[in-house]
Structure formats: C-alpha cells, structure tokens
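# Fold and contact review
So the chains spell out like this:
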Amino acid sequence: MEGNKKRAQERDSSMKRRAARRQKFPDRKGWKVSAKGNPHIKVEGYHCIVSNRRSGFTVGITAPWSADLTWGKKTYKTLREAKEGCFDAIEYMKQSSR
C-alpha cells in the first residue's frame, strides 16, 4: 500500500468509474445489428463486433489505425457478457496504444 492517501482515493475513484462505465456499456446507444445478425458498435474509432458461435459469443475489434480485425480468444455465455467484453477490449487497446 502506498503512503499517499490522496493518490489511493483517486485510484479507487477511477476504478469505480471504470466499473460503472463497463456495466452501462451494453445498454449504450449506438449498438447496431449487421446484415449477418451480429451486434457491433463504433466507439472513439474502435469498431467492436460480437459474433454468435456454437459455443457462445466471441468479440472482434478493429483499432482506428488498423484495418485488421482481431478476434478475442475468450468465449462468453451471454450477449451482455460479450458486450462487456467489447468494453474490456476497447480499454485494453487504448492502454496498449499509449
């Protein structure tokens, strides 16, 4: 634990805000359904797609600087979990691009 109480409170507040954004992400306006029936959304240049597979749902993402679609390895049981996975993928891509 760090000795800076203010920094610890900022970190805690940041984590709570991220958790709230993640929980609200599946209900966000902007989700569309493709011709193939896959939900997708474009957020801050990132294009995230949810695909229904036999074993569940998978997530694919395209970064603003790339035309390549990257599919995640994780399989989600429900559509809501997969949409939350889109949020995680977007956040991960933002962090890795810094």
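A brief report on the enclosed structure follows. (Residues numbered from 1 in each chain as written. Predicted model: local features only at pLDDT ≥ 70, side-chain atom pairs only at ≥ 80, totals over all residues. Heavy atoms only, no water.)

### Here we look at unusual backbone geometry
Put simply, the rule reads: Here a strand is any run of E in DSSP of at least two residues, a helix any run of H or I of at least four, and the numbering for each starts at the N terminus. Buried residues are those whose accessible area, probed at 1.4 Å on protein chains only, stays under 20% of the maximum for their type, while exposed residues exceed 50% and partly exposed ones sit between those limits.
In this structure, glutamate 44 is a non-glycine residue whose phi angle is positive, near 50 degrees. Position of glutamate 44 relative to the elements: it lies in the loop between β2 (39–43) and β3 (46–53). On the basis of relative accessibility, which here comes to 58%, the residue glutamate 44 falls in the exposed class.

### Here's the deal with the packing of aromatic side chains
Going by this rule: In summary, the pairing rule links any two rings of Phe, Tyr or Trp, Trp by its six-membered ring, whose centres are within 6.5 Å, and it sorts them by plane angle into stacked for under 30 degrees, edge-to-face for over 60 and tilted for everything else. Should the NZ of a Lys or the CZ of an Arg lie within 6 Å of a ring centre and within 35 degrees of the ring normal, that charge is described as sitting over the ring.
Throughout the structure, instances matching the rule amount to three aromatic pairs. Relative to tryptophan 31, the ring of phenylalanine 25 has its centre 5.7 Å away and its plane inclined at 80 degrees; by these criteria the two rings are edge-to-face. Both residues of the pair, phenylalanine 25 and tryptophan 31, count as buried. Taken together, a centroid distance of 6.1 Å and an interplanar angle of 85 degrees make the contact between tyrosine 46 and tryptophan 65 edge-to-face. Placement of the pair is tyrosine 46 in strand β3 and tryptophan 65 in the loop between β4 (56–62) and β5 (70–71), with a sequence separation of 19 residues. Ring pairs connect the aromatic residues Phe25, Trp31 and Phe87, which therefore count as one cluster. The ring of tryptophan 71 has arginine 53 lying over it, and the distance from NZ or CZ to the ring centre is 5.3 Å.

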